[in-house]
Amino acid sequence: MEGQAVKAGFDFLGIYGFFDGLMPESLDWLAFLVAGFILAFAIINALVVSTAVYTWFERRALGKFQSRLGPNRWGPFGLLQPIADVVKFMSKEDTVPDGADRQVFTLAPIVFVATGFLVFALIPLGSNDWLSRLNIGLVFIIAVTSVNTLAIFMAGWSSRNKYAMFGAMRGVAMLISYEVPMALAIAAVALASQSLSTYTVVTNQEVPFMLVMPLAFFIFVAAASAEMSRTPFDLIESESELGSGYHTEYSGMKFALFQLAEFMAPIIVSCIVATLFLSGWRGWGPIPGQVWFILKALVVLCALLWFRATWPRLRVDQIMEFAWKGLFPLSLLNLFAVATEIQLLRDPVTGALTDSDMWAMAAINWAITGIVFLAVSRMFARKQLQRPLPKPSPLANMGAEAE
Amino acid sequence: MAKALAGTDVARRINETFSGVALESNKTDVWVAPDDLHRAAKFLHDDKELDCAMLLAITAVDYVERFELVYHLRSMRKNHTVVIKTRLSGREEPAISSVTDIWQGADLQEREVWDLMGIRFEGHPNMKRVLLWEGFPGHPLRRDFVR
Amino acid sequence: MAIRTEPVTVNLGPQHPSTHGVFRLRVTFDGEVVLDVEPVFGYLHRGTEKLAEERTYVQVVTLTDRLDYVSAMTNNLAYVRAVEKLAGIEVPERAKYLRVISSELQRIASHLIATGFLLQELGAFATPLMYCFRERERILELFEMLCGARITVSYMRPGGVLQDAPEDFWPALDELVKAMPQYIEELEGLITSNEIVLARTKDVGVLTAEKAINASVTGPMLRATGVQWDLRKADPHEVYDRVEFDVPIGAIGDTYDRYLVRVQEMRQSLRIIEQCVKQIPKGDIRSRTAYFIRPPVGDAYGAVESPKGELGFYLVSDGGIAPYRCKIRSPSFINLTVLRDLLAGWKMADLIIIFGSTDIVLGEVDR
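The following refers to the structure shown. (Residues numbered from 1 in each chain as written. Chains lettered and ligands numbered in written order. Predicted model: local features only at pLDDT ≥ 70, side-chain atom pairs only at ≥ 80, totals over all residues. Heavy atoms only, no water.)

## A look at the overall build of chain B
Link 1 in the chain: On a plain count of helices and strands, chain B comes out with 3 helices and 8 strands.
Link 2 in the chain: What you see for chain B is a C-alpha radius of gyration of 15 Å, in line with the 15 Å of a compact globule of 147 residues.
Link 3 in the chain: The proportion of buried residues among the 147 residues of chain B is 59%.
Link 4 in the chain: A fraction of 47% describes how many contacts in chain B between residues 6 or more apart in sequence connect residues 24 or more apart.
Link 5 in the chain: Accessible surface computed for chain B: about 6200 Å², of which carbon and sulfur atoms make up 51%.
Link 6 in the chain: Averaged over its 21 positive side-chain charges, chain B has a centre that lies 4 Å from the centre of its 23 negative ones. (Helix = DSSP H or I, 4+ residues; strand = E, 2+ residues; numbered from the N terminus. Rg over C-alpha atoms; globule rule 2.2 N^0.38 Å. Buried < 20%, exposed > 50% of the residue type's maximum accessible area, 1.4 Å probe, protein only. Contact = heavy atoms within 4.5 Å. Areas by Shrake-Rupley, 256 points an atom, 1.4 Å probe, with all protein chains shown as cover. Lys, Arg positive; Asp, Glu negative; His and termini not counted. Charge placed at Lys NZ, Arg CZ, Asp CG, Glu CD.)

## A word on the interface of chain C and chain A
Link 1 in the chain: Listed as interface residues are 56 residues of chain C and, on the opposing side, 43 residues of chain A.
Link 2 in the chain: A buried area of about 4100 Å², summed over both sides, lies between chain C and chain A, and 61% of it is on carbon and sulfur atoms.
Link 3 in the chain: The tally of links between chain C and chain A comes to 3 salt bridges.
Link 4 in the chain: Across the salt bridge formed by Arg315(A) and Asp350(C), the nearest N and O atoms sit 2.9 Å from each other.
Link 5 in the chain: For the side of chain C that touches chain A, the secondary structure elements donating two or more residues are strand E1 (8-12), helix H4 (93-122), helix H5 (127-147), helix H7 (195-201), helix H8 (209-214), helix H10 (231-234), helix H11 (255-279) and helix H14 (348-358) of chain C. (Buried area = accessible area lost by both parts, 1.4 Å probe. Salt bridge = Lys/Arg side-chain N within 4 Å of Asp/Glu carboxyl O.)

## Considering the side chain of Glu32(C)
Link 1 in the chain: Turning to its location among the elements, Glu32(C) is positioned in the loop between strand E2 (24-30) and strand E3 (33-40).
Link 2 in the chain: With a relative accessible area of 14%, Glu32(C) lands in the buried category.
Link 3 in the chain: Those residues in contact with Glu32(C) that lie beyond four places of it in its chain are Phe166(A), Arg170(A), Val316(A), Trp346(C), Lys347(C) and Met348(C).

## Observations concerning unusual backbone geometry
Link 1 in the chain: Here the phi dihedral of Ser67(A) falls at roughly 50 degrees; this positive angle occurs in a residue that is not glycine.
Link 2 in the chain: You can see Ser67(A) is positioned in the loop between helix H3 (28-65) and helix H4 (81-91).

## A look at a nonpolar patch on the surface
Link 1 in the chain: Together, Trp74(A), Leu80(A), Ile83(A) and Val87(A) give the surface a local cluster of nonpolar side chains, amounting to about 380 Å² of exposed area.
Link 2 in the chain: Within the secondary structure, Leu80(A) is located in the loop between H3 and H4. (Patch = residues over 30% accessible without salt bridge, like charges linked within 9 Å, V, L, I, M, F, W, Y side chains within 5 Å.)

## Section: the interface of chain B and chain C
Link 1 in the chain: Taken together, the contacts link 42 residues of chain B with 40 residues of chain C.
Link 2 in the chain: When the buried surface of chain B facing chain C is broken down by residue, Gln104(B), Leu108(B) and Leu131(B) rank first, second and third, together holding 19% of it.
Link 3 in the chain: Taken together, chain B and chain C are joined by 6 salt bridges.
Link 4 in the chain: With a closest N to O distance of 2.4 Å, Glu310(C) and Arg74(B) form a salt bridge.
Link 5 in the chain: At the boundary of chain B and chain C, one finds 18 residue pairs in polar contact (both at pLDDT 80 or more).
Link 6 in the chain: Within the residue set of the side of chain B that touches chain C, elements represented by two or more residues are strand E4 (54-62), strand E5 (67-75) and helix H3 (106-117) of chain B.
Link 7 in the chain: Residues belonging to the side of chain B that touches chain C are distributed by class as follows: 25 nonpolar, 8 polar and 9 charged. (Polar contact = N/O pair within 3.5 Å; in protein donor to acceptor, adjacent residues only side chain to side chain. Nonpolar A, V, L, I, M, F, W, Y, C, P; charged D, E, K, R; others polar.)

## Regarding the nonpolar core
Link 1 in the chain: Judged by nonpolar contacts, the single largest core of 180 residues is most densely connected at Leu69(B), Tyr71(B) and Ile119(B).
Link 2 in the chain: Counting residues per element, this core draws most heavily on H4(C), at 12 residues.
Link 3 in the chain: Contacts of Leu69(B), omitting those with residues within four sequence positions, involve Ile58(B), Thr59(B), Ala60(B), Ile84(B), Lys85(B), Thr86(B), Leu88(B), Ile96(B), Val113(B), Ile119(B) and Phe121(B).
Link 4 in the chain: Among the nonpolar cores identified, the runner-up in size contains 99 residues, and Phe105(A), Val113(A), Ile141(A) and Phe233(A) belong to it. (Core = buried A, V, L, I, M, F, W, Y, C linked by side-chain atoms within 4.5 Å.)

## What about the sheet that holds E3(C)?
Sheet strands associate in pairs through backbone hydrogen bonding, adopting either a parallel or an antiparallel arrangement.
Link 1 in the chain: With antiparallel pairing, 3 strands are arranged side by side in an open sheet as E1-E2-E3 (chain C). Whereas interior strands pair on both sides, the edge strands pair on one side only; in this sheet they are E1 and E3 of chain C. For this sheet, the mean angle separating the axes of adjacent strands, direction not counted, is 20 degrees.
Link 2 in the chain: With 7 bridges joining them, E2(C) and E3(C) adopt antiparallel strand pairing. Each bridged residue has a counterpart across the sheet, and for Arg26(C) the counterpart in E3(C) is Glu38(C).
Link 3 in the chain: Seen against the sheet, helix H8 (residues 162-193) of chain A touches E1 and E2 of chain C and runs at an angle of roughly 110 degrees to E1(C).
Link 4 in the chain: The strands touched by H14(C) are E1, E2 and E3 of chain C; relative to E2(C), the strand with the most contacts, the crossing angle is about 150 degrees. (Pairing = 2+ DSSP bridges. Axes fitted to C-alpha atoms, helices over the stretch in contact; angles between N-to-C directions.)

## Topic: empty space enclosed by the protein
Link 1 in the chain: For the structure on display, the rule yields 4 cavities of 30 Å³ or more.
Link 2 in the chain: Counted as a void, the largest cavity has a volume near 350 Å³.
Link 3 in the chain: What lines the largest cavity is a set of 26 residues, among which Thr145(A), Asn148(A), Glu227(A), Met228(A) and Ala265(A) lie closest to the centre.
Link 4 in the chain: In the lining of the largest cavity, the residues fall into 19 nonpolar, 5 polar and 2 charged.
Link 5 in the chain: Estimated volume of the second largest cavity: approximately 50 Å³.
Link 6 in the chain: Surrounding the second largest cavity, Ile58(B), Thr59(B), Ala60(B), Glu112(B), Val113(B), Leu116(B), Met117(B), Leu141(B), Glu49(C), Arg325(C) and Lys327(C) form its lining.
Link 7 in the chain: Contributions of two or more residues to the lining of the second largest cavity are made by E4 and H3 of chain B together with strand E8 (325-329) of chain C. (1 Å grid on protein atoms, 1.4 Å probe; cavity = no way out; pocket = protein on both sides within 12 Å on 5 of 7 lines; lining within 4 Å. Points joined across faces, edges and corners; volume = space filled by probe spheres on them.)

Here's what the structure looks like:
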């Protein structure tokens, strides 16, 4: 059993091996369990701590964007702000509104947070990573991320608040719509890497897929920022309209869990983007893969932050239009192009794709992307800028008294 | 410079069409009877020469023995202003016909006058209090209002 | 079984991030679509008109600061103009120029707030808002130099202004006037041709010229419909007839036009300030008036073009030291008349930005 588990890539940093060696043969399951718990503990805490640091980073960076300071009181550069936040959240009263569905109301934040942790487990941080060798990794990611639709609806429905309900209904409509282009973009990645495991996606990614299929990259980033409902797709919360959307009624630690999940989402998304499109931990020189990975994820993170700081929000029907009339056909086009190219370029016997094949695909796909973007922006811009010139109305004449 | 039309001229024009509607006039203002107000307002709005397309403000002034309603009107084509006034007697819910059918802009202003001065406008589609809550005792801008 | 649906009534406010204060909209929604709107307000009603009856003519100036609290200067101006008309008070030339300079600065500050909050309501996460506030801050610093206060300035008095501008005011003003055009450029670069802003505001909440005039709508809202009407040109008060400026108008009267008109007005205000700085003469800043002004029995209506529209004061005097009646024609309040017609049929997200583009201030609505 030991051999199998290790071979399957489970033996993370030798933890399982260590416990397995410690225990008699018959207690294999216990070693497995203990190792599993330690792993879960490590994943969850890594994510929670990095989220805490990220909240500080995001608030400081937004402060810089907006020519203000951001949190700077607590600790050096305000670094201890997340701790102060947690203390505040914990000391707040945990209210449940009258008439709320108590069980569902309590369950919703837990479900919301859990999905984030589940997805993060599958991200290969380095070449010796463990769970990412799950052979249906990509399918797992798509499946688990759609659970947070359910969590949002649970929160909105159970709190019996009209604003929350608005947010939840918008959320369900939007998240389900954006699942489709996102899944299709991931499908193109799976085709090109000829694997469904996140680990193999990286090992087969000699050329970063962002270069090979820029269209898929664009679709994925757009759909993912909709999935985590940040500007310009933040209509689930849309502070200026709904107060705070589905979590209007939450307070105390339950609200903290929502906040945690919300700030976790960009980290997870940028990790997924780094894995699927920026060739994960691969890099050059003696720098370890983990560092490369974190660097890539940080770049994506900063880009997402930039979007958030600058863009206004789209209206609900415009968002749905963008999903179904914009991203969906584009993702189909992308999938079709990638599939055709692979069919034509791959080795007819082994089915393998070489680096030069990848570069050829990149050239074709960049051309397609360029044409599509040019056409779309032409059409859009012409429509947008059509406006009559201002003409003074005959109903008023400011100089009339002169006569 | 916008011209404030002389009340006497406006009164003459009104009386040319509806004789006797403009009761008195001076350099700035025209007084009409409360019952004729709607007719006079309609005339001022429709008349090509006076052309009062915009209702600037409706003001109620409490002179204790009477209420005075002041309508500031403006023509934007001719750039002049007209002031017509009307006197209402009686302190128990005086009433006058609404001009909301002529100027939509009277809507909130008439409600405000009702709210603060207690003058009811008949024919107003939604004669409710606007700044104070329903059930507020009295009308606070009246001179005899005491908390 | 047929699925039954019913409209939902939502109270937007009085505590809501986008209602510009304590304002309530009782909205009936069919899904996301607005069926009916009923504005409910009065939460900030302080009875300014009643209070004014118990204060002397000079003391009322402080009350006017608190009406439209983002443009106190123009409130002051409208009130003192009514008093001067009523009592026949002359104003020295220098004071007139100071009044125009300060109220044009105030117009810029007010339009900055309107633009910033419109973008905030569009969902741009506070960035344009903070930019607008940064520049507004500089204007408020100038006010601080002028009169020691930033928001509730009480700078104007019947017969002039409180005090002359200090020496260091003029270089600071000069610097601001030089820096401001670039800043407006920058703001426009962020917003004016942004695809998302266009998609959200273009053709949304269209108001026609006829309807606007009939509903007594004034200010940028009226000008956005294409009606070229500005009291500064139509009825020039102070020194507006001695400076050159244009009255920008919109093409169709939608939310985008209302935004554009405001941005262009900021530019025109800068032009006015520049010319005033060149023309301003030396001399008195306040004519000799009695401490207790006792105007003759009568009434007067004085109005100015405030950033929100035509702000008018109708004063009735009984010969005493306090106004017998002080009516405030507040543009924010009267512009709300068209709110129901503007909002019906639009979606919730549009409701917020159409309402935001009307740019009301609750201090002025409720008085």
